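Topology and contacts: notes
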Amino acid sequence: MTKRRPYPSDLSDARWELIEPVLTAWRFERRGRALDFGRPPEHNLRDIMDAILYVDRTGVQWRYIPHDFPHWNTVYGYFAKWADEGVFTQLNGLLRQLLREKEGRDGEPSACVIDAQSVKTSTSVHVSG
């Protein structure tokens, strides 16, 4: 199989090195839950992630993913599983932690801000003022 030409939305090698362990661990854990038969995964996780990023950057519908990526149905399947199983949340937390540490800060935030416009309450909740 020939290597496809890269798209501007593709992960750089450095970015792939950051997220690859999370995706590989997810696949390993999933395979561990499966019965010990069946064919091994045939799709490269980096190609799957590049296809998801292509959809995110371009706004193209899943069915319009270019043919040099894995089939759109496969890509969407991975996207849905990763979303349901918290993989994107885990990646977001990892990248936030790495960025904070690079800036010389503690990896985990110690406080947060909640905007009143973001928090919805019930009309039956009494607010004292």
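Residues numbered from 1 in each chain as written. Predicted model: local features only at pLDDT ≥ 70, side-chain atom pairs only at ≥ 80, totals over all residues. Heavy atoms only, no water.

**Considerations on the confidence of the model for the chain**
Using the following cut-off: Summary of the metric used: pLDDT quantifies the predictor's per-residue confidence within the range 0 to 100. The helix count covers DSSP runs of H or I at least four residues long, the strand count covers runs of E at least two residues long, and both are numbered beginning at the N terminus.
Residues at a pLDDT of 70 or more form 83% of the chain, whose mean pLDDT is 86. Of all helices and strands in the chain, the one with the weakest mean pLDDT is helix H1 (residues 13-33) (89), whereas helix H2 (residues 45-58) scores best (97).

**Considering helix H3 (residues 72-84)**
Worth spelling out the cut-off: The length a helix should cover is 1.5 Å for every residue beyond the first.
The terminal C-alpha atoms of H3 lie 18 Å apart, and with 13 residues this matches the ideal 18 Å at 1.5 Å per residue to within 8%. One or two steps after H3, the chain reaches Gly 86, where phi turns positive at roughly 80°.

**Quick notes on H2**
The following threshold applies: Three labels apply to residues, based on accessible area from a 1.4 Å probe with only protein chains included: buried if under 20% of the type maximum, exposed if over 50%, partly exposed otherwise in between. Definition of a polar contact: a pair of N or O atoms within 3.5 Å, with one able to donate and the other able to accept a hydrogen when the atoms are protein atoms, and with sequence-neighbouring residues admitted only if both atoms are side-chain atoms.
In a regular helix each residue adds 1.5 Å, so 14 residues correspond to 20 Å; H2 covers 20 Å between its end C-alpha atoms and thus fits that length. Within H2 the residues assigned to the buried category are Leu 45, Ile 48, Met 49, Asp 50, Ala 51, Ile 52, Tyr 54 and Val 55. Where H2 starts, the residue carrying a side-chain oxygen 2.6 Å from the main-chain nitrogen of Arg 46 turns out to be Asn 44. Looking one or two residues past H2, Gly 59 carries a phi angle of roughly 80°, positive in sign.

**Points about a nonpolar patch on the surface**
What counts is decided by this rule: Patches here: salt-bridge-free residues with over 30% relative accessible area, like charges joined within 9 Å, nonpolar side chains (Val, Leu, Ile, Met, Phe, Trp, Tyr) joined within 5 Å. Here the Shrake-Rupley method, with its probe set to 1.4 Å, supplies the accessible areas, and only the displayed protein chains count as covering residues. What counts as a salt bridge is simple: a side-chain nitrogen of Lys or Arg found within 4 Å of a carboxyl oxygen of Asp or Glu.
A contiguous nonpolar patch, built from Leu 18, Leu 95 and Leu 98 and spanning about 210 Å² of accessible area, is present on the exposed surface. Here Leu 95 is to be found in helix H4 (residues 87-102). Leu 95 gets classed as partly exposed once you look at its relative accessible area, which sits at 37%.

**Some points on the packing of aromatic side chains**
Going by this rule: Here a pair means two rings of Phe, Tyr or Trp (six-membered ring of Trp) with centres within 6.5 Å. Their orientation is stacked below 30 degrees between planes, edge-to-face above 60, and tilted elsewhere.
In this structure the tally under the stated criterion is 11 aromatic pairs. Consider the rings of Trp 62 and Phe 79, whose centres lie 5.1 Å apart with planes at 45°: the pair is tilted. With Trp 62 in the loop between H2 and H3 and Phe 79 in helix H3, this pair connects stretches of sequence that are 17 residues apart. Judged by its relative accessible area of 28%, Phe 79 falls in the partly exposed class.

**A word on the pattern of salt bridges**
Counted under the stated rule, the structure contains six salt bridges. Residue Arg 4 pairs with Asp 50 through a salt bridge whose shortest N-O separation is 3.2 Å. Of this pair, Arg 4 sits in the segment before H1 while Asp 50 sits in helix H2, placing them 46 residues apart in sequence. The pair formed by Arg 4 and Asp 50 is uniform in burial state, with each residue classed as buried. For the salt bridge of Asp 13 with Arg 46, the shortest nitrogen-to-oxygen distance reads 2.8 Å. Taken together, the positions of Asp 13 in helix H1 and Arg 46 in helix H2 put the pair 33 residues apart, joining distant regions of the chain. Each of Arg 4, Asp 10 and Asp 50 takes part in one network of salt bridges that share partners.

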